[in-house]
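# Observations on the three-dimensional arrangement
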Amino acid sequence: MVPLTTGFDPGHSIESARRALAARLRSAGIEESALDARLLVGAALELDLTGMVTQAARTLTPEETARLEQYAQRRLAHEPVARILGAREFWGMPFRLSEATLVPRPDTETVVELALEIFRGLTISGRRPRIADIGVGSGAILLALLHEIPDAFGIGTDVSLAALDTARDNAAALGLGGRAAFVACSYASALRGPFDLIVSNPPYIPSAEIPTLSVEVREHDPHLALDGGNDGYDAYRALIPQAAERLAPGGALIVEAGQGQARNIETLMAAAGLTLDRPAKADLAGIPRAVSARKMPP
């Protein structure tokens, strides 16, 4: 039987429940409380925004109230909304999540934007474009690029079999499964080039900083996808030389960078023989977020 005792008053309408939940989240210091409340109410009632508006005066059933309270308690414990819902939108597409994958973040769309800018300037003849995503996670970057480059083929790598399963499922759900393959390996070690684009959002948080991250991140994102070693650059030191070997002449490596890391990453790229031909691309907060370099033709 569904428990009827909740933090909501009996007889709540959809609109009053949304407002009440937003107030509870706000009082707990949760940012974007209004948006979180709308998403959680919609999920609990299986309604989109239009349905919530047109049915705003409808009274919640006891079952709906109990389900919403369960969601509320999880969010009040600082579990991210995307984890509660099991999905997150990225590049306008829905991505299913798992415990083995990061929650795709808007900052990472900067990597997609820069990769597309570079791709438009490439000359590829006689074959289809090839893309590799190192540390593919949910598949967000790779599948966004395949969506935008209809004739491309992509390969995603990850050390986590669970993450690869999630990415594979997302590719199938988005109708991209026929143009994507997924390989279990460390960085690009199992791949053979040439690739026109190699992209990655590697772990880049210094190990000592992980305990200082928000509860939403440190307790719900996989540490394997966060921990960049003592200085945050372990993954870059491994993947950049591998990527340089596997790029096609003229191809580009594009990686996500943490705050203050762009210049050091550029140094690692140059040391691997890649050419820096454009500045790092900043995210909406003005932080240099996507760093790129190219393998120039001989």
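Small disclaimer: the values here were computed from a predicted structure and weren't measured.

With 33 residues, the main nonpolar core has Ile131, Leu145, Leu146, Phe182, Leu197 and Ile254 as its most contacted residues. Elements that contribute at least two residues to this core include exactly β2 (93-96), α6 (109-119), α7 (140-148), α8 (161-173), β5 (180-184), β6 (195-200) and β7 (247-256). Within the second largest apolar cluster, 30 residues are counted, among which are Leu191, Val217, Leu239 and Leu253.

Here the focus is the pattern of salt bridges. A full pass over the atoms with the stated rule returns 20 salt bridges. Between arginine 75 and aspartate 36 there is a salt bridge, with its nearest N and O atoms 2.9 Å apart. Of this pair, arginine 75 sits in helix α4 (residues 62-76) while aspartate 36 sits in helix α2 (residues 33-45); the two residues are 39 residues apart in sequence, bridging distant segments of the chain. What makes arginine 75 buried here is its relative accessible area of 7%. Among the salt bridges present, the one from arginine 96 reaches aspartate 169, with a minimum N-O distance of 2.8 Å. Here arginine 96 is found in strand β2, whereas its partner aspartate 169 is found in helix α8, with 73 residues between them in sequence. According to the relative accessible area criterion, arginine 96 is partly exposed, its value standing at 37%.

Turning next to the environment of glutamate 15. Topologically, glutamate 15 is positioned in helix α1 (residues 14-27). Distance in space between the C-alpha atoms of glutamate 15 and proline 206 is 43 Å, their sequence separation being 191 residues. Within polar-contact distance, the side chain of glutamate 15 engages the side chain of arginine 19 at 2.8 Å.

As a further point, take the packing of α2 against α4. At a closest axis distance of 9 Å, the pairing of α2 and α4 adopts a crossing angle of 140 degrees. Classified by the interaxial angle, the pair formed by α2 and α4 is oblique. Of the two elements, α2 crosses α4, and the hand of that crossing is right-handed. Here Asp36, Leu40, Val41, Ala43, Ala44 and Leu45 of α2 lie close against α4, whose contacting residues are Glu64, Arg67, Leu68, Tyr71 and Arg75. Each residue belonging to the contact of α2 with α4 can be placed in one class, and the counts come to seven nonpolar, no polar and four charged.

Bringing the sheet that holds strand β9 (residues 288-294) into the picture now. Taking strand neighbours across the sheet as the criterion, the seven strands line up as β5-β4-β3-β6-β7-β9-β8 in an open arrangement whose pairing is mixed. The strands lining the two open edges of the sheet, one partner per strand, are β5 and β8 (281-282). In the sheet, strand β3 (residues 130-134) pairs with strand β4 (residues 153-158) via five bridges, with the strands oriented parallel. For aspartate 133, the partnering residue across the bridge sits in β4 and is glycine 156. Sheet strands touched by α8: β4 and β5. Its angle to β5, the strand with the most contacts, is close to 175 degrees. Sheet strands touched by helix α10 (residues 234-246): β6 and β7. Its angle to β7, the strand with the most contacts, is close to 160 degrees.

Criteria and cut-off values
- Residues numbered from 1 in each chain as written.
- Predicted model: local features only at pLDDT ≥ 70, side-chain atom pairs only at ≥ 80, totals over all residues.
- Heavy atoms only, no water.
- Core = buried A, V, L, I, M, F, W, Y, C linked by side-chain atoms within 4.5 Å.
- Buried < 20%, exposed > 50% of the residue type's maximum accessible area, 1.4 Å probe, protein only.
- Helix = DSSP H or I, 4+ residues; strand = E, 2+ residues; numbered from the N terminus.
- Salt bridge = Lys/Arg side-chain N within 4 Å of Asp/Glu carboxyl O.
- Polar contact = N/O pair within 3.5 Å; in protein donor to acceptor, adjacent residues only side chain to side chain.
- Axes fitted to C-alpha atoms, helices over the stretch in contact; angles between N-to-C directions.
- Parallel < 35°, antiparallel > 145°, perpendicular 65-115°, else oblique.
- Left-handed = near helix turned anticlockwise from the far one by under 90°.
- Contact = heavy atoms within 4.5 Å.
- Nonpolar A, V, L, I, M, F, W, Y, C, P; charged D, E, K, R; others polar.
- Pairing = 2+ DSSP bridges.

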